[in-house]
Each structure stands twice: as C-alpha cells, then as structure tokens.
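Architecture at a glance
Chain by chain, the residues:
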Amino acid sequence: MRTILFSGRGPVEVVQRTAPTPGPGQLLVRTEAIGVGVGLVRQLTAAGERREPVRPGSELVGTVVATGSEVTRFKIGDRVGGVVFEDAYADLALADPRLVGPVPADVDAAVALALVRGGLIASSVLEAGRLTEGESVLVTAAASGTGHLAVQLAKVLGAARVVAAVGSLDKACFVRECGADDVVTYSSVSWGEPVDLILDGVGGHLVQRGVDSLAAFGRLVAFSAGGGTIDAGSLLGGLKSVIGFAIGTVNRTRPELVERRRAELWDLLAAGQLRPRHVNVPFEKITNAIELVANRANQGRVVLRTEPLPTG
C-alpha cells in the first residue's frame, strides 16, 4: 500500500509499505479521502525543529475491509468516517470504532470528509454558544473547513446576521456565497456592530478582540489550538462569557451527542441546507496540500484523495 512518510528531516515522501493488520477492537479502513489542516502543518513544523519522524492522524472517510476481534459495531463493507490518531495518510488505516461513524453510500467522499469533523465541530460550537433564533454571529477563520460550515449552520439555525472574519478580502466572495451577510478582516479597524455570539477558530490576540466585539450578555466560544488571553475585567460590565470547547472531550464523554449531531448533518445535507466546500488534491500531491494550508490559501476543507478524482 502507499503511505506518506513524514520524516521531520526532509521532504514528505510517498512510499510503499506493508498493510497493517487490525488488532482487537480495531477496524482496517481503505481510505477514500483524508483531511489536511492546520494541525498537520503545526505538527510538521514542530517535528522539523526537533528533526524527528511523525505519524500524524487526521479525519478520513473510507470503507471497512477488515475487523479485529471484539468489533461488533461495524462489519466489512461498511462506509465510515471519523478521526484516527496516527498513520492516517495511507491507502489503508487502522481506526477505533468509537471514533468513527456511518457515512451514507451516496455522499461524495470529500463532502463526507468535510462534515465528519469540520461539520461536527461547527455544529457543536454553535450549540455550546447557545445560539438562539434572531441573534447575530461572527465567525473567525470563516473560509476554513470548519468556519465555512459554521457560517452556513448559523443561518440554518436562524441567525439574523452572520459576520465572516477572514485574513484577506480575497476570501470575501467565498464566505458570502456560504451565507455571510458581512465580511471583515482581522486587521479591520472595526468589526461593526457588536454581536451576540463569536465562534473563534484562530486564537491569539483575536480572543480579546472578540470579547471586545460582543454585545451585552454575549458569548465567545474558543475552539482553536492557537491559545490567547483575555482581560477578565472586560467581561464584567457587559456580563459576557468565554466558553472553551474541544471536540475530543465530547467524543470521550458524550459519544451519543456526536452520533446525534452527525445524523443531523447528514439530514441537512440531504435537504440541500448545507453545501460543504472543498479542494481536492491527489494523494501524490501531498506537498501541494500542505502548502495550500500553510499559506492560508484554501477555501473550505483541503481533501487528499486516495482514489481517482471525480470528473464532471
């Protein structure tokens, strides 16, 4: 099988390796699509500084081709999507049945990939932020794999106004196509009228800027690995709240919520209320996919396709 070697000491390579064998409680999945995101870029940067190999995980979509003992939830031939924690970038990958879910047979692999993680996070942070109909929302990293779906879902849930915050106005048309009413950049002097809810997928100094852009009783959901600090005093007068969010915690503690939210996403997709956007990259062009994400040039999810790219 083909696998991608991330050595941490030189160029990324596609090499041939023996297929893994599923152990007890594991699935062997023939991948169709694998996600490439900021997390991979950060991991490779850190590995390069330490000059050590890495075996990155990611979200993926594919078909179960073998199961280990003690697996009861899935069988050979089932189509699944979710997250694996290492060795995701290969034709065949080992998966934990608790971290994947069923994928409809008629959904394109790239579309499915966009929803199984990015869509799940977008749906979850909106729920964590307690969005109610008629409120206003601002989404940072609004052109990202998660952000563009958060813009769409906010509209589906009845937001009266959705503001998309992006790094460059080159992405303005894209986020407006996703449903944004207004577009601002991180360097804009003003982010406009205060909003009721901010979904922050960037972190750093944007966390405090987000708090400053909240209306009274507003909430900011911080779900980026980018960190950031806030002045607690800036929360007091407006009775504002900052809520931390990590999808891994939900997966571990409330798996039933993950199943419910994914089922809701498939229903919204089938109803035409969600339009996941993605950039397809052939498996052998992994370096191109990494550069696209590293340069923040992607619009939607960057998808590495292990199968031939669809035509038409």
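A brief structural summary. (Residues numbered from 1 in each chain as written. Predicted model: local features only at pLDDT ≥ 70, side-chain atom pairs only at ≥ 80, totals over all residues. Heavy atoms only, no water.)

1. Let's talk about helix α9 (residues 286–294)
Of the positions making up α9, those classed as buried are Ile 286, Ala 289, Ile 290 and Val 293. Buried residues in α9, looked at end-on, bunch into an arc of 100°, giving them a common side. If you follow the buried residues of α9, they end up packed against β1 (2–5), β3 (27–36), α1 (38–50), β14 (278–282) and β15 (301–305). Where α9 ends, the next residue or the one after it, Arg 296, has phi of about 55°, a positive value. (Buried < 20%, exposed > 50% of the residue type's maximum accessible area, 1.4 Å probe, protein only. Helix = DSSP H or I, 4+ residues; strand = E, 2+ residues; numbered from the N terminus. Arc of directions from axis to C-beta. Contact = heavy atoms within 4.5 Å.)

2. Notes on the nonpolar core
By size, the foremost hydrophobic cluster in this structure holds 51 residues, and its most contacted members are Val 137, Val 175, Leu 199 and Trp 266. Mapped by element, the contributors of at least two residues to this core are α2 (109–128), β8 (136–139), α3 (147–156), β9 (161–166), α4 (172–177), β11 (195–200), α7 (247–253) and α8 (255–270). No other element matches α2, which puts twelve residues into this core. Counting residues domain by domain, this core receives three or more from each of domain 1 (2–103 + 277–305) and domain 2 (118–248). Apart from the residues lying within four places of it in its own chain, the contact partners of Leu 199 are Val 125, Leu 126, Val 137, Leu 138, Val 139, Thr 140, Ala 150, Val 221 and Phe 223. Among the nonpolar cores identified, the runner-up in size contains 30 residues, and Leu 44, Ala 88, Ala 95 and Val 302 belong to it. (Core = buried A, V, L, I, M, F, W, Y, C linked by side-chain atoms within 4.5 Å. Domains from an automatic or database assignment.)

3. Details of the side chain of Lys 240
Inspection of the secondary structure puts Lys 240 in the loop between α6 (233–236) and β13 (241–244). Of the side chains with opposite charge, Asp 212 lies nearest to the buried Lys 240, which makes no salt bridge, at 5.4 Å. One polar contact links the side chain of Lys 240 to the main-chain carbonyl oxygen of Leu 214, over a distance of 3.3 Å. Those residues within four positions of Lys 240 in sequence are excluded, and the remaining contacts are Val 211, Asp 212, Leu 214, Ala 215, Gly 218, Ser 234 and Leu 235. (Lys, Arg positive; Asp, Glu negative; His and termini not counted. Salt bridge = Lys/Arg side-chain N within 4 Å of Asp/Glu carboxyl O. Polar contact = N/O pair within 3.5 Å; in protein donor to acceptor, adjacent residues only side chain to side chain.)

4. With respect to the environment of Gly 48
Among the structural elements, Gly 48 can be located in helix α1. Sequence-wise, Gly 48 and Phe 6 are 42 residues apart; in three dimensions their C-alpha atoms are separated by 9.5 Å.

5. So, the sheet that holds strand β12 (residues 214–222)
Spatial strand order, β10-β9-β8-β11-β12-β13: six strands in an open sheet with parallel pairing. The sheet is open, and its two borders are formed by β10 (182–185) and β13, each paired with just one other strand. Strand-to-strand twist of the sheet, defined as the mean angle between neighbouring strand axes without regard to direction, takes the value 20°. Of the strands in this sheet, β11, β12 and β13 touch α2, which is tilted by about 140° from β11. Along the sheet face, α3 touches β8, β9 and β11 and points at about 175° away from the line of β8. (Pairing = 2+ DSSP bridges. Axes fitted to C-alpha atoms, helices over the stretch in contact; angles between N-to-C directions.)

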